[in-house]
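Overview (structure and organization)
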Number of protein chains: 2
Amino acid sequence: MFKSAASVERLATQLARLPGIGRKSAARLAMHILKLPDEQAFQLADTIREVKEKVGFCSVCFNISESDPCDVCTDQRRSPATIIVVEEAADAAALDKVEEFSGRFHILGGRLSPLDGIGPDDLHIKELLNRITDEVTEVIIATNPNVEGEATAVYLSKLIRPLAIKVTRIARGLPVGSDLEYADSVTLSRALEGRQDF
Amino acid sequence: MFKSAASVERLATQLARLPGIGRKSAARLAMHILKLPDEQAFQLADTIREVKEKVGFCSVCFNISESDPCDVCTDQRRSPATIIVVEEAADAAALDKVEEFSGRFHILGGRLSPLDGIGPDDLHIKELLNRITDEVTEVIIATNPNVEGEATAVYLSKLIRPLAIKVTRIARGLPVGSDLEYADSVTLSRALEGRQDF
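Residues numbered from 1 in each chain as written. Chains lettered and ligands numbered in written order. Predicted model: local features only at pLDDT ≥ 70, side-chain atom pairs only at ≥ 80, totals over all residues. Heavy atoms only, no water.

Regarding the pattern of salt bridges
Within the structure shown, the criterion is met by 28 salt bridges over all chains. The shortest N-O distance in the salt bridge between A:E150 and A:R169 comes to 3.4 Å. Linking A:E150 in helix α7 (residues 147–160) with A:R169 in strand β6 (residues 166–169), this pair joins segments that are 19 residues apart in sequence. Accessibility expressed as a relative area gives 22% for A:R169, which makes it partly exposed. Between B:E53 and B:R49 there is a salt bridge whose closest N-O contact spans 3.5 Å. With B:E53 and B:R49 both in helix α3 (residues 38–54) and 4 residues apart, this pair spans about one turn of that helix. A residue is classified by how much of its surface remains accessible, and B:E53, at 54% relative accessible area, is exposed. A network of salt bridges, in which partner residues are shared, links A:K35, B:E87, B:E88 and B:R111. (Salt bridge = Lys/Arg side-chain N within 4 Å of Asp/Glu carboxyl O. Helix = DSSP H or I, 4+ residues; strand = E, 2+ residues; numbered from the N terminus. Buried < 20%, exposed > 50% of the residue type's maximum accessible area, 1.4 Å probe, protein only.)

Concerning helix α2 (residues 23–35) of chain A
Taking 1.5 Å of rise per residue, the 13 residues of α2(A) would be expected to cover 18 Å, and the 19 Å separating its terminal C-alpha atoms lies within 8% of that figure. Along α2(A), the residues classified as buried are A:A26, A:A27, A:L29, A:A30, A:M31, A:I33 and A:L34. Looking at the buried side of α2(A), the elements it contacts are α1 (6–16) and α3 (38–54) of chain A together with α3, β2 (64–65) and α5 (89–96) of chain B. (Expected span 1.5 Å × (residues − 1). Contact = heavy atoms within 4.5 Å.)

Considering the relation of the copies chain A and chain B
Rotating chain A by 180° about the axis while translating it 0.0 Å along that axis superimposes it on chain B, leaving an RMSD of 0.1 Å. The two molecules are tied by a two-fold rotation axis, judged by turn and shift. Residue A:A45 of chain A places its C-alpha closer to the rotation axis than any other residue of that unit, at 2.1 Å. By residue overlap, the copies meet face to face through one surface: 100% of the interface positions of chain A are interface positions in chain B. (Least-squares fit on C-alpha atoms with pLDDT ≥ 70 in both.)

Quick word on unusual backbone geometry
Residue and element names in this part refer to chain A. Between D68 and P69 the backbone carries a cis peptide bond, its omega angle lying at -5°. When you line up the elements, P69 lands in the loop between β2 (64–65) and α4 (71–74). At F62, a residue that is not glycine, the phi angle is positive and equals roughly 65°. For F62, the location among the structural elements is in the loop between β1 (56–57) and β2.

Topic: the interface of chain A and chain B
Each partner contributes residues to the interface: chain A has 51 residues there, and chain B has 51 residues. Interface area for chain A against chain B, summed over the two sides, is near 5,000 Å², with a carbon-plus-sulfur share of 64%. Taken together, chain A and chain B are joined by 8 salt bridges. Residue B:D38 is joined to A:K52 by a salt bridge in which the shortest nitrogen-to-oxygen separation is 3.6 Å. The interface formed by chain A and chain B holds 14 residue pairs in polar contact (both at pLDDT 80 or more) in total. Of all the elements in the fold, those that place two or more residues in the side of chain A that touches chain B are α1, α2, α3, β2 and α5 (89–96) of chain A. Looking at which element gives the most residues to the side of chain A that touches chain B, the answer is α3(A), with 15 residues. Among the residues forming the side of chain A that touches chain B, the class breakdown is 27 nonpolar, 9 polar and 15 charged. (Buried area = accessible area lost by both parts, 1.4 Å probe. Polar contact = N/O pair within 3.5 Å; in protein donor to acceptor, adjacent residues only side chain to side chain. Nonpolar A, V, L, I, M, F, W, Y, C, P; charged D, E, K, R; others polar.)

In short, the description is geometric, and any link to function would need to be established separately.
Okay, structure coming up:
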């Protein structure tokens, strides 16, 4: 594409390998990076290096972290009584933006998916069970509300029930601000099932 | 977002500044880069640095290049008799994929746009006129087929006509593979205007 500048061509090729970036956006991004102020481009390059060099996994909750155990697991303001179980680190990041939650996380590292050959031993399930001591009063299962996420949730709930006082599942229903008219029927049926008293 | 790993958070913020990448895609990209094999991520970081360090502009045609003059301007197989004038380096890269063209490029570095305060002195127009010597037989104006690109083309053609044997404008018409039914009327009118004998 950019025959006149081999490194720009190479950058476009490498960017096109990232998810959601096609050949054309990659070329546009490469040109944009070329035009960035030096400092800003070097910063981006350095941060990519830094992420790979510094970030690992917390050996307690398996969240991404620059320290082990991570800041969440060592934060004394966060109660160890509640553990919220999610599939991926990005899910924990999303939940962490919700002010109400002040418990700790456990990242499974995926979901059960027999078709893809992902069984219980491929996820951090054993480590989760080991974390459920007497001080844990509730385990909230927040796997994704899709077939595999639900199956994982059911599987986990069966293992956890004998160990914890309370095992809960996040509510599935209509997203706030959405339109009942356009909701799919599975979501509607879940919203009815999960109805609550005023 | 990724409170647990400051550098991942920082990477997401920096990626979100790139054009066409929103907060959510930036977070997903940051996670993806974190999971890349070390080698691949470091390569990306190095290429970003390299692009900024190596790539400059050709002093003849103002295309991006790692050498000056660039490979196209020094390529003896390309005829110096034809110069194709484009707005940006990316346009030259697109035209360069067309096998038929074996002339040289001239990159204006933008288009005339009085509203944005871009006048003739902000573009490489003077340098273009200086390039039009006796050995140049045709100047093809390939600015974009929109209002500003057309205005730039008309402006250039007036300046070039006294200097060059032939000044042409790339054809505007229906894109190959498109549907006449869905074409806009301006394009249709250009397609009619530009009709050719069988």
